[in-house]
Amino acid sequence: TEQIEEVKTPKVKENKVDPNKQYNQERGSDKDHLYIVVIGHVDAGKSTLMGRLLCDLGEVSQKTLHKYEQESKKIGKQSFMYAWVLDETGEERVRGITMDVGRAQFETKTKHVIILDAPGHADFIPNMITGAGQADVALLVIDATRGEFESGFDLGGQTREHALLVRSLGVSQLAVAVNKLDTSNWSQERFNEITKKLKSFLKQAGFKDSDVTYVPCSGLTGENLIKPPNEPELLQWYNGPCLLDVIDNFNVPERPVSKPLRMSVNDVFKGTGSGFCVSGRIENGMLSKGDKVLICPTKEMAEVRSISLNDLSSNVGFAGDQVVATISGVEMQNVSVGCVLSDPIQQVPVTSRFEARIVVFNVKVPITKGFPVLIHHQSLVESANIVKLKALLNKSTGELIKKKPRCLGNNSVAVVEIEVCRPICVERYKDVKELGRVMLRVAGVTIAAGLVTDIVTT
Ligand code: GDP
């Protein structure tokens, strides 16, 4: 506390300009950044669709495309060539499924869009959460093929789970690609049949009608992706926007540049000069050269000597930036992965107990009181226990089903209290999204994802 009092100038930065605008100006771009996660049942055509979109937008070089074409011919799965644009590892190619969160980017009229590709296979839900956790908006890909939509949606497929999961992770805007409509000869009847079912479900899942747009398309043929339709059958009944325009129309969330500083440390290492380096993402606010920051949970003051952004020296880093900062005034051994560089006045909460709303999806034995888990919070991993089961909620509506349930099985949504073996820096999800999200793992398996709803003071 003595150290904190030394800081005379309050670090709360006045910011009268629109933070997004300022962010863009500093970045030398007039386009807003938008992070999109792609979700949907396995084989819905997610990879093909995004791959085709990138190719049609000229984001993939002819050389690369040619290479994929040759390779896909060789193994006799030519239709896979577009999917490969997004699938990077050899293993994925052999298995024909997208496993990890790959990244690709493209431009719309007003936006710079970063794709967080999500895998469709059930085993890969933990990876999907990583993607969805960073996403501003989601693209839900639906296989319109007769029988396939039914198995992905009605018969226990992943379409529902994914939609519920992204909603519970805070995504509220959705584009629904009613994909592979080429297989139904662009039938309006089929499109309506599908959208009708989805509409009532998505509403239940907590999406507002006005935040969801349905687009008939084909990732394979490229129909209605970046240009208005060509197909005569589709033209007869559809005059809405193409997928690219729907993405362009999404609202961009505000970047929290003017909020108090939060930078979570994901690495600590020796630099070349005096002091040492910490790297991490600035979640909130901004970090400038010369700033005095509070290292939490140890609560020691440090000074920022220099900042580097993409290997270039910079005077300042903003919310959303991944930076390396050289700091001094604190012992290197007192700073570790999982620490947060915080505004010294408006400090990040430090606690060993918090309440969270969790979605359970992968437990072998039901969760009961005292259940031991590993908490993953940003780059931090700590032992913890689920010490209270406070409420079981309705998965779709969030309404209370039962207070103090005795156990929690797969696919349940619940409010629990978690005790960590030592204090960590957490925020309520509604205050700082990135620091308000946890994953619960047991024996190398992710069993649940959660949002911090309250900090319990002990
Ligand atoms: P993902 O698992 O959702 O990424 O699906 P993929 O992109 O790997 O596609 C699954 C299968 O559907 C592949 O055999 C694709 O060639 C096929 N496919 C993808 N998009 C379309 C489409 O628009 N129309 C048709 N007819 N087939 C498609």
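As the structure is a prediction and not an experimental result, all values here were calculated from the model. (Residues numbered from 1 in each chain as written. Predicted model: local features only at pLDDT ≥ 70, side-chain atom pairs only at ≥ 80, totals over all residues. Heavy atoms only, no water.)

What follows concerns the overall build of the protein. Scanning the protein from terminus to terminus reveals 12 helices and 22 strands. Going through the 458 residues of the protein one by one, you find that 53% of them count as buried. Look at the contacts in the protein between residues 6 or more apart in sequence, and 71% of them connect residues 24 or more apart. When the accessible surface of the protein is split by element, carbon and sulfur atoms take 48% of a total near 20900 Å². (Helix = DSSP H or I, 4+ residues; strand = E, 2+ residues; numbered from the N terminus. Buried < 20%, exposed > 50% of the residue type's maximum accessible area, 1.4 Å probe, protein only. Contact = heavy atoms within 4.5 Å. Areas by Shrake-Rupley, 256 points an atom, 1.4 Å probe, with all protein chains shown as cover.)

Applying the stated criterion to the full structure yields 18 salt bridges. For the salt bridge of arginine 262 with glutamate 427, the shortest nitrogen-to-oxygen distance reads 2.5 Å. Here the residue arginine 262 occupies a position in strand E7 (residues 262-270), and glutamate 427 occupies one in the loop between strand E20 (413-425) and strand E21 (437-442), the gap between them amounting to 165 residues. You can call arginine 262 buried: its relative accessible area is 5%. (Salt bridge = Lys/Arg side-chain N within 4 Å of Asp/Glu carboxyl O.)

Moving on, we come to the side chain of threonine 351. Take threonine 351: it is sitting in strand E16 (residues 350-360). Excluding anything up to four places from it in sequence, threonine 351 contacts Arg422, Pro423, Ile424, Val426, Ile455 and Val456.

The subject of this paragraph is helix H10 (residues 188-204). When the terminal C-alpha atoms of H10 are compared, their 24 Å separation across 17 residues agrees well with the 24 Å that a helix rising 1.5 Å per residue should span. The N-terminus of H10 is capped by serine 187, whose side-chain oxygen sits 3.3 Å from the backbone nitrogen of glutamate 189. Looking one or two residues past H10, glycine 206 carries a phi angle of roughly 105°, positive in sign. (Expected span 1.5 Å × (residues − 1). Polar contact = N/O pair within 3.5 Å; in protein donor to acceptor, adjacent residues only side chain to side chain.)

So, about the confidence of the model for the protein. On average, residues of the protein score 83 in pLDDT, and 83% of them reach the 70 mark or higher. Scored below 50 in pLDDT, residues 1-19 shows 29 contacts in the model against residues more than four places distant or in partner chains. (pLDDT = per-residue confidence, 0-100.)

This part covers the packing of aromatic side chains. Evaluated as defined, the whole model comprises four aromatic pairs. Geometrically, the ring pair formed by phenylalanine 149 and phenylalanine 153 is stacked, given 5.3 Å between the ring centres and 10° between the ring planes. Taken together, the residues span about one helical turn, with phenylalanine 149 and phenylalanine 153 both in helix H8 (residues 148-154) at a distance of four residues. Note on phenylalanine 153: relative accessible area 2%, which makes it buried. Aromatic side chains tryptophan 237 and tyrosine 238 sit 6.1 Å apart centroid to centroid with 75° between the ring planes, which places their arrangement in the edge-to-face category. Each member of the pair, tryptophan 237 together with tyrosine 238, is buried. An aromatic cluster of three or more residues is present, and its members are Phe149, Phe153 and Phe201. Just above the ring of phenylalanine 153 sits the side chain of arginine 160; from NZ or CZ to the centre is 4.2 Å. Arginine 160 extends its terminal NZ or CZ atom over the ring of phenylalanine 201, reaching a point 5.1 Å from the ring centre. (Phe/Tyr/Trp six-rings, centres within 6.5 Å; stacked < 30°, edge-to-face > 60°. Lys NZ or Arg CZ within 6 Å of the ring centre and 35° of its normal.)

What follows covers the environment of isoleucine 282. Of note, isoleucine 282 is situated in strand E8 (residues 276-284). Residue class for isoleucine 282 comes out buried when judged on its relative accessible area of 0%. For isoleucine 282 and arginine 262, which are 20 residues apart along the polypeptide, the C-alpha to C-alpha distance reads 6.0 Å. Setting aside residues no more than four positions away along its own chain, isoleucine 282 makes contact with Leu261, Arg262, Met263, Leu287, Gly317, Phe318, Ala319, Gly320, Asp321 and Val323.

Right, let's get into the state of the cysteines. Two cysteines joined by a covalent bond between their sulfur atoms form a disulfide. Scanning the model with the defined rule gives zero disulfides in all. Left without a disulfide partner, cysteine 425 is nearest to the cysteine sulfur of cysteine 296, which lies 5.1 Å away. Judged by relative accessible area, which is 1%, cysteine 425 ranks as buried. (Disulfide = S-S within 2.5 Å.)

On to the site of the ligand. In the vicinity of the ligand, 17 residues are found, and the nearest of them are Asp43, Lys46, Ser47, Thr48 and Lys180. Between the ligand and alanine 44 there is a distance of 3.2 Å, counted from an oxygen atom to a backbone nitrogen or oxygen. Compared with its free state, where it exposes 580 Å², the ligand has 87% of that area covered by protein. Per-element tally for the shell around the ligand: the top contributor is helix H3 (residues 46-56), with three residues. (Near = heavy atom within 4 Å.)

Right, let's talk about the pairing of strand E18 (residues 380-393) for a bit. For strand E17 (residues 371-377) and E18, the ladder comprises seven bridges, and the chain directions are antiparallel. Bridging from a neighbouring strand, proline 372 pairs with asparagine 385 of E18. Remark: two residues form the turn of the hairpin made by E17 and E18, two consecutive strands paired antiparallel; glutamine 378 in that turn has positive phi of roughly 55°. Relative to E20, E18 is paired through eight bridges, and the arrangement is antiparallel. Looking at E20, one finds that leucine 389 is bridged to valine 416. What sits between E18 and strand E19 (residues 400-403) in their antiparallel hairpin is a turn of six residues, with glycine 398 showing a positive phi close to 80°. (Pairing = 2+ DSSP bridges.)

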